[in-house]
Amino acid sequence: MSDDRVPDGGLVPDNDLVSATVPEGWDRRAFMMRSAMIGAVAVLTGCNPPTPKETADQAASAPPVAPAVPLSDELDVVKKAKGPVMTTLEEFYKVGPGPSSSHTIGPMRITYDFYQRSAKLPADQLAKATALKVYLFGSLSATGKGHGTERAALAGIIGKEPATIDPAFLDELRDKPDQTFPVKLGSSMFNVSLKDIVYDAPKGNFPHPNTMTCKLMAGDTVLLEQEYYSVGGGFIEWKGYEPPKKGQPKYPYATMGELLKHAQDNKLTVAQLAMANEVAVSGKSEAEINAFIDKITTAMVNIVKVGLKGPSITLPGPIMLKTKAADVYARAIEDKYEAQRGIGVVSAYALAGSEENARGHLVVTAPTGGSAGVMPALVYAVGEGGRRLPQDKIRAGMLAAAAVGYLCKHNATLSGAEGGCQAEIGVASAMGAAFVAQAHDRENQVVANAAEASLQHHLGMTCDPVAGYVQVPCIERCAFGAVKAWTGFMIASNEIPTNRRVDFDTTVNAMALTAKEMNSKYKETSEGGLAVSLVLC
């Protein structure tokens, strides 16, 4: 290696690892350093270093500034930010196959919806039907293959729903991609396959980064067409979407400040206020809502248990990543230091849930698939896997966690394609901190402070899945998110609550601003960060 010095005295590797061709618009020093990093990573990992041209192409593929996809003002998720929170638990906590709520559950819900719409067409039109086609755009096109988006989309158009699908069906579709499936619409019968799911333009002026178009065809003629958007957390919309009619919240709020004021004035906990609004908006009874929460927490507990018992395997895809939840757990419970043992066990629980997600098994969006290890880890840790708090405390925690998630969705985003991983792991961690605080009967300000602290220390986190798979860094991020949630709870519990300088609403606004200004290469496109730094071989 030569001693070619840059102006500040640093060293740059020799020309075998660095391209001398600097793309137009790049600062030469910044480009040379980035090129050197790419070559050095290749050497350190034992892989053959890329050629100078390959290094130049790779470094140039991540310019310092890339425009983000602006959200259309017509999206309901945008319009809702102008009124009170109206989200309900059944909308928020959803069961479905991993590895992504926006790239798996959302697309399956979308194509299932389109299948239902198609079936309602007049008989004379259905008699002409010959094919169903699905086109994926934006982030769905860029990283959909690593998320199994095409398999989820195909499952939906043959009538399968996320909450009831057997994950083995998706696994078999992955292993045998040439399968065809009959679809009957009216008097017409035709076959569909993965070839009918088209990865279209990854970049363009779309209403949302996760845009899809579904078409029912009669030869070359379109019988029915609908544009859809997977807006994060498994939530979906479509062009011309009108939200379902709901009741009005008893205590309307659009910020944590408003929520806390209602709670103080009416002598309610965060959980009690959330329950009152849930009853008013959904029209369900408290008993029905509690039964739903029990169903969700049971699913979370089972996800962790299955993940811990699962054999060590190599996850699908080119990363060749081995699962480790069971190993981490086995070593953690033998740790002689109690504090380390607690951190290790919570981490293992989160790894178990996240590895189940990476396997494509059923998970709970809390708030998304990519963050699906965080909340289950904490639910299990304060319940039968640890402190054994009673179910009524866990229910209260789930309500407080939902309120935090609602506010993040309302005033920022839950979508990695829109806001980076701060919107997934960051929100999950904030929800988890609120969950633990409420479950331990901490005062309302402590619940809010715990959520704020956890979210604050995820600000700016990018969504950079290696090879487009929800594995690296996603799985371990769930473990760190769960531990940070507990840390946020501990800090908030031990400080003087009124002394906290940063409030929850300020941090949510910071997340929204960061999301808008974040380079689009760090928004679930696999074009930046670890996705291009980690050399696979």
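Residues numbered from 1 in each chain as written. Predicted model: local features only at pLDDT ≥ 70, side-chain atom pairs only at ≥ 80, totals over all residues. Heavy atoms only, no water.

### So, the overall build of the protein chain
Rule in force here: Numbering of helices and strands starts at the N terminus; helices are DSSP runs of H or I of at least 4 residues and strands are runs of E of at least 2. A 1.4 Å probe rolled over the protein chains alone gives each residue an accessible area, and that area as a share of the maximum for its type sets the label: buried under 20%, exposed over 50%, partly exposed in between. Only heavy atoms enter the contact rule, under which two residues are in contact if any of them lie within 4.5 Å. Computed with a 1.4 Å probe, the accessible areas rest on the Shrake-Rupley method; for each residue, only the protein chains presented here act as cover.
Summing up its helical and strand segments, the protein chain has 22 helices and 9 strands in all. Within the protein chain, the fraction of its 537 residues that count as buried is 55%. Taking contacts inside the protein chain between residues at least 6 apart in sequence as the whole, the part at least 24 apart equals 75%. Here the protein chain displays about 22,700 Å² of accessible surface, and carbon together with sulfur accounts for 53% of that area.

### Points about unusual backbone geometry
Peptide bonds are trans in most cases, and residues, glycine excluded, mostly fall at negative phi. Of note, the amide linkage connecting glycine 98 to proline 99 takes the cis form, showing an omega dihedral of 15 degrees. Note that proline 99 resides in the loop between β1 (95-97) and α5 (101-119). Look at the link from valine 472 to proline 473: it is a cis peptide, with omega at 5 degrees. Take proline 473: it is sitting in the loop between α19 (444-456) and α20 (474-494). The backbone of glutamate 524 shows a phi angle near 60 degrees, a positive value even though the residue is not glycine.

### Side note on helix α7 (residues 139-147)
Counting buried positions over the 9 residues of α7 gives 7, a clear majority of the element. Restricting attention to buried positions, one finds in α7 the residues Ser139, Leu140, Ser141, Thr143, Gly144, Gly146 and His147. Contacts from the buried residues of α7 go to α5, β2 (131-138), α8 (149-157), β5 (197-199), β6 (210-218) and α17 (416-419). Looking one or two residues beyond α7, the residue adopting positive phi is glycine 148, at roughly 70 degrees.

### Section: the sheet that holds β5
Selection criterion: Two strands form a pair only when DSSP identifies at least two bridges running between them. Angles run from 0 to 180 degrees between N-to-C directions of axes, and those axes are lines fitted to C-alpha atoms, restricted for helices to the stretch in contact.
With mixed pairing, the 5 strands of this open sheet are ordered in space as β5-β2-β6-β7-β8. Of all the strands in the sheet, just β5 and β8 (235-238) have a single pairing partner and so form its edges. On average, each strand axis in the sheet is tilted by 25 degrees relative to the strand beside it, whichever way the strands run. Inspection of the sheet shows β2 paired to β6 by 8 bridges, in the antiparallel sense. Bridging from a neighbouring strand, phenylalanine 137 pairs with threonine 211 of β6. Running over the sheet, α5 touches β2, β6, β7 (221-232) and β8 and is turned about 150 degrees from β7. Along the sheet, α7 makes contact with β2, β5 and β6, crossing β2 at roughly 105 degrees.

### Considering the nonpolar core
We apply this condition: Take the buried residues of types Ala, Val, Leu, Ile, Met, Phe, Trp, Tyr and Cys, join any two whose side-chain atoms come within 4.5 Å, and each joined set is a nonpolar core.
Among the nonpolar cores identified, the biggest contains 97 residues, and Tyr93, Met375, Met398 and Phe435 are the most heavily contacted of them. Looking at this core element by element, the count peaks at 12 residues for helix α16 (residues 391-411). Dropping the residues within four chain positions of it, tyrosine 93 is found in contact with Phe292, Ile296, Val364, Thr365, Ala366, Met375, Met398, Ala401, Ala402 and Met431. One finds Phe114, Leu126, Ile165 and Ile197 within the second-largest nonpolar core, a separate group that totals 34 residues.

### Observations concerning the packing of aromatic side chains
Our working rule: Note on aromatic pairs: the rings of Phe, Tyr and Trp (six-membered ring only in Trp) are paired at centre separations within 6.5 Å, and the planes decide the class, stacked below 30 degrees, edge-to-face beyond 60, tilted for the rest. For a ring to carry a charge above it, either NZ of a lysine or CZ of an arginine must fall within 6 Å of the ring centroid while also lying within 35 degrees of the normal to the ring plane.
This structure, assessed with the given rule, holds 10 aromatic pairs. Each ring, one from tyrosine 228 and one from tryptophan 238, has its centre 6.1 Å from the other, and the planes form 75 degrees; the classification is edge-to-face. With a gap of 10 residues between them, tyrosine 228 in strand β7 and tryptophan 238 in strand β8 connect regions that are remote in the sequence. Here a set of aromatic residues connected by ring pairs shows up, and it is made of Phe92, Tyr93 and Tyr406. Its guanidinium or amino end placed over the ring of tryptophan 238, arginine 117 lies 4.6 Å from that ring's centre, counting from NZ or CZ. Positioned over the ring face of phenylalanine 235 is lysine 409, at 4.5 Å from the centre of the ring.

### Comments concerning the pattern of salt bridges
As a working rule, side chains carrying opposite charge can pair if their charged atoms are close by. The following threshold applies: What makes a salt bridge here is a side-chain nitrogen of Lys or Arg within 4 Å of a carboxyl oxygen of Asp or Glu, nothing more.
Within this structure, the stated rule accounts for 18 salt bridges. Notably, a salt bridge pairs arginine 500 with glutamate 452, separated by 2.6 Å at the nearest N-O pair. One end of the pair, arginine 500, is in the loop between α20 and α21 (504-517); the other, glutamate 452, is in helix α19, and 48 residues separate them in sequence. The class for arginine 500 is buried, based on a relative accessible area of 19%. Since its relative accessible area comes to 0%, glutamate 452 is described here as buried. One salt-bridge network, held together by shared partners, links Asp171, Arg174 and Asp175.

### So, the confidence of the model for the protein chain
Basically, it comes down to this: The pLDDT score gives, residue by residue, the confidence of the prediction method on a 0 to 100 scale.
Per-residue pLDDT for the protein chain has a mean of 89; in total, 86% of the residues score no lower than 70. A low-confidence stretch, residues 1-20 stays under pLDDT 50, and its non-local contacts, those more than four residues away or across chains, total 33 contacts. Here residues 29-34 is modelled with pLDDT under 50, and outside its nearest four sequence neighbours on either side it reaches 18 contacts, counting other chains as well.

### Thoughts on the environment of asparagine 290
Among the structural elements, asparagine 290 can be located in helix α12 (residues 286-309). Distance from asparagine 290 to arginine 395, taken between C-alpha atoms, is 7.0 Å for residues 105 residues apart in sequence. In contact with asparagine 290, not counting residues within four places along its chain, are Met275 and Arg395.

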